[in-house]
Amino acid sequence: MAKSLAFTCTECGAAHRKWAGKCDACGAWNSIVEEAPLSSGPKTLGAARGKGIELTDLATEEAPPPRAASGMDELDRVLGGGLVPASAVLVGGDPGIGKSTLLLQAAASFAQAGLKCLYISGEEASAQVRMRAQRLGLTKAPVMLGAETNLREILTTLDRERPQLAIIDSIQTMWMDTIESAPGSVSQVRAAAHELVTFAKTRGVAVIIVGHVTKEGTIAGPRVVEHMVDTVLYFEGERGHQFRILRAVKNRFGPADEIGVFEMTGDGLAQVMNPSALFLSERDKPAPGSAVFAGIEGTRPVLTEIQALVAPSPLGTPRRTVVGLDSGRLSTILAVLEARCAIPFAGLDVFLNVAGGMRVNEPAADLAVAAALLSAREDVAIPPDMVLFGEISLSGALRPVGQTENRLKEASKLGFTRAIAPSRSKLGSVEGMDVRQMADLTAFVGDVFGA
Ligand code: TYD
Ligand code: MG
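Residues numbered from 1 in each chain as written. Chains lettered and ligands numbered in written order. Predicted model: local features only at pLDDT ≥ 70, side-chain atom pairs only at ≥ 80, totals over all residues.

The name recorded for the protein chain in an unreviewed UniProt entry is DNA repair protein RadA, from Falsirhodobacter algicola. What UniProt states about the protein chain under its Sequence similarities (unreviewed entry) heading is, verbatim, "Belongs to the RecA family. RadA subfamily." (UniProt positions renumbered as here; feature names shortened; annotations may be inferred.)

In structure tokens:
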């Protein structure tokens, strides 16, 4: 009988019958590898009956889960107000971005807050972790360390120690002796994560799993386990910048899209309590191509500077380079400017960037992006005390966005005195803010650029 083989995408875990250069499911290139299927058991459950499960009424009162706060506010907020017992959390991020540093600091904080914490490293020896802790000044924290990659050993240890929090760094180094493929393969990563999540639920141990975002196709990425865990956090940042952002992309126990901001320093990660001030701190004198966006990240207002550069292109197809924003969004805004305001960008290279290594996903950033682009193109600086927000529709209209008052308050706190907002936004009252409301992009262009 021919050996049954399957092909799996290491990015998203989708199974394929044949090898292909591109995964149909997630669109990743070169991510499909040959791997033995997870199980080849009988197709149906058969006639055997189970014991049946216990059912409860939906109507019974359930107290909200008691959360454990670490005291690191930036982390607690992203978790939705602290760590929920028996929950499974995935922390993904590029190698070297600072996941181990963050989680060692988190372990120390949780331990100091009274939780029994275990930190299991599959990448470093305990002595190395201890050395790092020394550099971070955490040697006094009552965290227990282990260095192991065999999941059977780890689970036995967790069963014996019964900690309240176990940190597994990283899932790609873990392996189960019941599965033949190598550590880091889709089947190992998936099975190990499943085992850890089940353990968390049945034994009441909160588990934080670290997952590297991988560039090469042979190692499974954290997306493969996203659906199993309660909370998915990504640790992001540009390598050249010291800012790091912990972003909740899924949270069964709190708002998604919440962010925590950290700064990588010589002795570990420092919390950034006022990210707006930090993101705007690099702003120098008013220059064309710069616009300040009053945004909302999760529950918190964050101001960021959008920078644009527009220059004649020597190329047949001009460049469109975007950092920190969606490139599709840039194309849309350029098309709207051209079609609705008759401002063409053909023959011009466009570079767009969010200062400070921040990533902006909100559609409300559209107006600030358009403003930065126009300012760069016309070589006219936007007043330095002005913030902007508003979504641009394909018709060129400005759509109102949520939490206007919060945006304006944050801007006012940081010394801004003028704002441009879509008409029909509910403004609330913010002292010392001169807010101009506009219905569409044409009105905005006429008002700010006198065109
Ligand atoms: P690390 O936590 O090992 O990354 P990950 O676990 O995500 O792979 O972080 C490694 C980087 O962080 C490394 O490039 C050095 C830097 N770093 C500091 O700048 N300061 C510090 O105090 C520490 C511990 C690391
Ligand atoms: Mg690490």
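## Some details on the environment of Met176
Mapping Met176 onto the fold places it in the loop between β7 (165-169) and α5 (186-203). When the C-alpha atoms of Met176 and Ser100 are compared, they prove to be 22 Å apart, with 76 residues separating the residues in sequence. (Helix = DSSP H or I, 4+ residues; strand = E, 2+ residues; numbered from the N terminus.)

## A closer look at the environment of Thr60
Mapped onto the secondary structure, Thr60 falls in the loop between β3 (32-35) and α1 (73-78). Taking the C-beta count within 10 Å as the criterion, Thr60 has 6 such neighbours and is therefore assigned exposed. (Buried ≥ 20, exposed ≤ 12 C-beta atoms within 10 Å, placed from the backbone.)

## Let's talk about the packing of helix α7 (residues 327-341) against helix α8 (residues 366-378)
Where α7 meets α8, the closest approach of the two axes is 10 Å, and the angle between their N-to-C directions is 65 degrees. Crossing of α7 against α8: the hand is right-handed. Every residue of α8 that contacts α7 at Leu330, Ile333 and Leu337 is listed here: Asp366, Val369, Ala370 and Leu373. Considering only residue class, the contact of α7 with α8 consists of 6 nonpolar, no polar and 1 charged. (Axes fitted to C-alpha atoms, helices over the stretch in contact; angles between N-to-C directions. Left-handed = near helix turned anticlockwise from the far one by under 90°. Contact = placed C-beta atoms within 7 Å. Nonpolar A, V, L, I, M, F, W, Y, C, P; charged D, E, K, R; others polar.)

## Regarding the confidence of the model for the protein chain
For the protein chain, per-residue confidence averages 89 on the pLDDT scale, and 96% of positions sit at 70 or higher. In the predicted assembly, ipTM is 0.96 and pTM is 0.82. (pLDDT = per-residue confidence, 0-100.)

## Let's talk about the UniProt feature "domain: RecA family profile" (unreviewed entry) in the protein chain
Taking the UniProt record as the reference, the feature "domain: RecA family profile" (unreviewed entry) is found at residues 64-213. In residues 64-213, the share of helix is 40% and the share of strand is 19%. The end C-alpha atoms are 33 Å apart.

## So, the UniProt feature "binding site: ATP" (unreviewed entry) in the protein chain
The feature "binding site: ATP" (unreviewed entry), as given by UniProt, occupies Gly93, Asp94, Pro95, Gly96, Ile97, Gly98, Lys99 and Ser100 in the numbering adopted here. Here Pro95 lies in the loop between β4 (88-93) and α2 (99-112). By C-beta crowding, Gly98 is classed as partly exposed, having 19 other C-beta atoms within 10 Å. Filtering out sequence-adjacent residues up to four positions away, Gly98 remains in contact with Phe235, Arg244, Met264 and Leu269.

## Overview of the sheet that holds β4
Strand order in the open sheet made by the 9 strands is β6-β5-β7-β8-β4-β9-β10-β11-β12, with mixed pairing throughout. Of all strands in the sheet, those with a lone pairing partner are β6 (143-147) and β12 (268-271), marking the two edges. Geometrically, the sheet is characterised by an average inter-axis angle of 25 degrees between neighbouring strands, direction not taken into account. Judged from the 5 bridges that link them, β4 and strand β9 (residues 231-236) form a sheet pairing that is parallel. Bridge pairing in β9 places Gly92 opposite Tyr234. Sheet strands touched by helix α3 (residues 126-136): β5 (117-121), β6 and β12. Its angle to β6, the strand with the most contacts, is close to 145 degrees. Lying over the sheet, α5 contacts β4, β7 and β8 (206-212), oriented at roughly 160 degrees with respect to β8. (Pairing = 2+ DSSP bridges.)

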